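Chain by chain, the residues:
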Amino acid sequence: MENGIWDNREVKDLFNSIEKIKKEGQPLRKAFIMHAEKYSRKPNSVRNYYYHEIDNLKQDGKRLEKLGIDLSKHQKTAIQYFSKEEEENLMHKIDSLVESGCSVRKACLSLSNGDVGQMLRFQNKYRNFKANTKTENKNNIIKFTKKKEKITEGELQALFMGLVRLVKRNAEEELSTQYKNLIEKANNQLRKTIVALNNKERECAELKNSFLNLKEENAKLVKDMFKYKCDKAQKLRNKLENFTTN
């Protein structure tokens, strides 16, 4: 892995790891975390690349066959569900931050490490959970902290940095796809050039053989012509000698 570029070996390793995790009945998130640690990437980036690559491979049968990946084992899902344990842990962490004076938005942003997409996911999950809990327990009193009317400067800065990371990540993924396309195009051109050179070498070899054959034929003709001239000269000499004798 260099400059964020995914090579075929790493892609195949990711898909193999996910197949193994699925077979063991474990959450995909574990595969993303393990791969991120192995290749010095971020789990969210690994997850995003995986789902993006599924779409790419569906449209590139040649590369799919080259990688030897069975896409039937890698169905893209639009929604990521929380496990019961993940849901309880998330609710507990958000409640703790809210009780300490944070707004729900700020708590979710903190837990998502500035990832805006993940922050919205946590926030929606928390509000849905609270709404369902309130419906199921109408007699319970749920305390909510007073919402802030304005977003603080720190929250704005965190949101801005999250957006910057999203734009940067999307740009890296786009450049990665463009780079792979350029490499494939260059490889195809190289293969065509090699074939053309092989044909030229074959033509040169045939021309060389033809030249050698012509050279041998020419030498034979020169030899025959010399012999013919010698024979003719001998006959003329014999004729002159007979004429002189008579």
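The text that follows walks through the structure, step by step, so that each part is easy to find. (Residues numbered from 1 in each chain as written. Predicted model: local features only at pLDDT ≥ 70, side-chain atom pairs only at ≥ 80, totals over all residues. Heavy atoms only, no water.)

**Digging into the overall build of the protein chain**
Helices and strands together make up the secondary structure of the protein chain, namely 8 helices and 0 strands. In sequence order, the protein chain lays out its α and β elements as α-α-α-α-α-α-α-α. Expressed as a percentage of its 246 residues, the buried residues of the protein chain come to 23%. Here the analysis covers contacts within the protein chain between residues at least 6 apart in sequence; of these, 63% occur between residues at least 24 apart. (Helix = DSSP H or I, 4+ residues; strand = E, 2+ residues; numbered from the N terminus. Buried < 20%, exposed > 50% of the residue type's maximum accessible area, 1.4 Å probe, protein only. Contact = heavy atoms within 4.5 Å.)

**A few points about helix H5 (residues 84-99)**
For H5, built from 16 residues, the straight-helix expectation of 22 Å at 1.5 Å per residue is met to within 8% by its first-to-last C-alpha distance of 22 Å. Considered for burial, the residues of H5 that qualify are Glu87, Leu90, Met91, Ile94 and Val98. When H5 is viewed along its axis, its buried side chains cluster within an angular range of 100° and face the same direction. Exposed residues pointing more than 90 degrees away from the buried face of H5 are listed as Glu85, His92 and Glu99. (Expected span 1.5 Å × (residues − 1). Arc of directions from axis to C-beta.)

**Thoughts on the nonpolar core**
Val11, Leu14, Phe15, Tyr50, Leu57 and Ile69 are the most contacted members of the largest nonpolar core, which has 19 residues in total. Mapped onto this core, the elements with two or more residues apiece are helix H1 (8-23), helix H2 (28-39), helix H3 (43-59) and helix H4 (61-67). For this core, the element with the most residues is H3, which contributes 6 residues. When residues no more than four places from it in sequence are discounted, the contact partners of Phe15 are Tyr50, Glu53, Ile54, Leu57, Ile69, Leu71 and His74. Listed in part, the 13 residues of the second largest apolar core include Met91, Val104, Met119 and Leu159. (Core = buried A, V, L, I, M, F, W, Y, C linked by side-chain atoms within 4.5 Å.)

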